[in-house]
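If you want the building blocks of each chain, they are given just below.
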Amino acid sequence: MATTLSSNLAARLAPPAPLSPLTVPKRLLLGPGPSNADPRVIAAMNQQPIGHLDAAYLTMMDEVQDLLRYTWQTANPLTYAVAGTGSAAMEATIANAVEPGDRVLVAVKGYFGHRLVDMAQRYGADVVTINRPWGEAFTLEELTAALDEHRPAVLAIVHAETSTGVRQPLEGLGAACAAHDCLLLVDTVTSLGGVPIFLDEWQVDLAYSCGQKGLSCAPGISPFTMSDRAVAKLESRRQPVANWYLDAALLRKYWGPERVYHHTAPVNLTYALREAMRLLAEEGLDSRWQRHQQTAEYFWSGLAELGLSCHVEETLRLPTLTTVRVPDGVDAKAVSRQLMADYNIEVGGGLGELGGRVWRIGLMGYNSQREHVDTLLHALATVLRQVA
C-alpha cells in the first residue's frame, strides 16, 4: 500500500541539487602543512580497504611501528600511530602522562606551547609556564633552573615550533629531567622526517608528530611514542586515563601481540603512512636530513637576493619551516591571496603574536626540492612588485 507523504515531509526528503563529480584543484602546498604527499603515497592510499584485524593489516601495523622507531631513533616498544591528526597525538601524550594535580611545566615560545598549556589544564594539571619571545629558544640553563624551581612531574616543550620556525635544542634536557624525576614530553610535529631527532639519546619520554608534514603522508594519522619511564607512570596511575579513545593502556593491546579490538583503524591512511616511511627509509635518515637542510639554505639565499629576511637566527632556524618577515607597508594576506590566485601556491600567515608580520613557508618531505624553491621565489618576486 502506497504511503502518502505530507507536503512538508516530501519537501524534506527531496534530494538536493545534483553535484558534479569531485574535482580537487592542484596546489603547491608550501605553507606550514599539509605539504604535498609523494605520488607513491597517494597511490598506496588509493587501494581498497581491508579489515582492521586482517592478518595482512596486522603485519602492516608492525611494519609501521618499526619504521616509526627508525625515524624517531628510538627502541620504545610502545610506539604506534594515533588515528587522528597531530593534535590528537598531542592530546594523547597529555592524557596518558598527566593526572589531576600533577605539576606540568610548559616551556612556551610560540602558539603550540600555549596549546599544550590549554590541554594540560583540561586534564586537571597544575600548570606553570616559562616563556621566551616568539622567535627565540630556551637555553639548557634556563630549563634546568625552571626544573629546580618548579619540580614538575612533566616538562612539555616544542622541538619545532610551527608558529615561529624555531628549532629548540634538546641535548642534555632529558638527562636534566631524569635527574629531577620528571618526564620529558616533546612536540616533533614539524621536525619528524626533516630534522635530526634522537629520542633515546636525548632521553625523551613522550613524543608525537603528524603525517602530513615531513613524512609526506596525508593528515589523519599521527605518530606517538612513550618511553619505559612514561609507561611506568601510566601503569601506576591512581585513576584511568580520562580519554578512552587515546588511552595507551588500551591501545597497546591492539598494537601489541594481544591484538584486542579497540576501534576501526583508518586502514587506507595506514597504507599511506607505511609507504611514506618506506620511502624515507629507502632514502635514509641522514640523506633525508641533509636534503632538507640544503634545500632550506638554498631558499634562504634566494630570499636574501629578494631583499627579504628571516625572523629566526640561522643557528635556530628550522629547515622544514621558515618564517619570512613581511616588508614594511606590505599586506601579508594580499600577497598570500595573490600567490594562490595567480600561481596556485599556498603559503601560511603568521599566528598569534606574529600575525601579519611573517609568512610561514614550509619545505617539508616531498616538497623539499630546489625546483619548488625556484617556483616560489619567482612567484613571490612578481607578486611583491605588484603589491608594492
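See the structure shown above.
Residues numbered from 1 in each chain as written. Predicted model: local features only at pLDDT ≥ 70, side-chain atom pairs only at ≥ 80, totals over all residues. Heavy atoms only, no water.

(A) Geometry of the sheet that holds strand E13 (residues 348-349). Here we have 3 strands laid out as an open sheet, ordered E11-E14-E13, and antiparallel in their pairing. Bordering the open sheet on either side are strand E11 (321-325) and E13, each of which pairs with just one other strand. Examined bridge by bridge, E13 and strand E14 (residues 358-362) share 2 bridges and lie antiparallel to one another. Its bridge partner being in E14, Gly349 is matched across the sheet by Trp359. Along the sheet face, helix H11 (residues 285-305) touches E11 and E14 and points at about 10° away from the line of E11. (Pairing = 2+ DSSP bridges. Helix = DSSP H or I, 4+ residues; strand = E, 2+ residues; numbered from the N terminus. Contact = heavy atoms within 4.5 Å. Axes fitted to C-alpha atoms, helices over the stretch in contact; angles between N-to-C directions.)

(B) Up close: helix H12 (residues 332-343). Between its terminal C-alpha atoms H12 stretches 16 Å, which fits the 16 Å expected from 12 residues at 1.5 Å a residue. Residues Ala332, Ala334, Val335, Ser336 and Leu339 constitute the buried set of H12. On its buried side, H12 packs onto strand E12 (345-346), E14 and helix H13 (370-387). The opening residue of H12 is Asp331, an N-cap whose side-chain oxygen sits 3.0 Å from the backbone nitrogen of Lys333. After H12 finishes, the residue Asn344 shows a positive phi value of roughly 55°. (Expected span 1.5 Å × (residues − 1). Buried < 20%, exposed > 50% of the residue type's maximum accessible area, 1.4 Å probe, protein only. Polar contact = N/O pair within 3.5 Å; in protein donor to acceptor, adjacent residues only side chain to side chain.)

(C) Up close: the packing of H12 against H13. Where H12 meets H13, the axes come as close as 10 Å, and the angle between the chain directions of the two elements is 120°. The angle between the axes of H12 and H13 places the two elements in the oblique class. In this structure, the crossing between H12 and H13 has a hand that is right-handed. Two secondary-structure elements touch here, H12 through Val335, Gln338, Leu339, Asp342 and Tyr343 and H13 through Ala379, Leu380, Thr382, Val383, Leu384, Gln386 and Val387. A breakdown of the residues in the contact of H12 with H13 according to their chemical character gives 8 nonpolar, 3 polar and 1 charged. (Parallel < 35°, antiparallel > 145°, perpendicular 65-115°, else oblique. Left-handed = near helix turned anticlockwise from the far one by under 90°. Nonpolar A, V, L, I, M, F, W, Y, C, P; charged D, E, K, R; others polar.)

(D) Here's a closer look at the environment of Ala146. In this structure, Ala146 sits in helix H6 (residues 140-150). Here Ala146 falls in the buried class, since its relative accessible area comes to 4%. Sequence separation between Ala146 and Ile130 is 16 residues; the distance between their C-alpha atoms is 7.5 Å.

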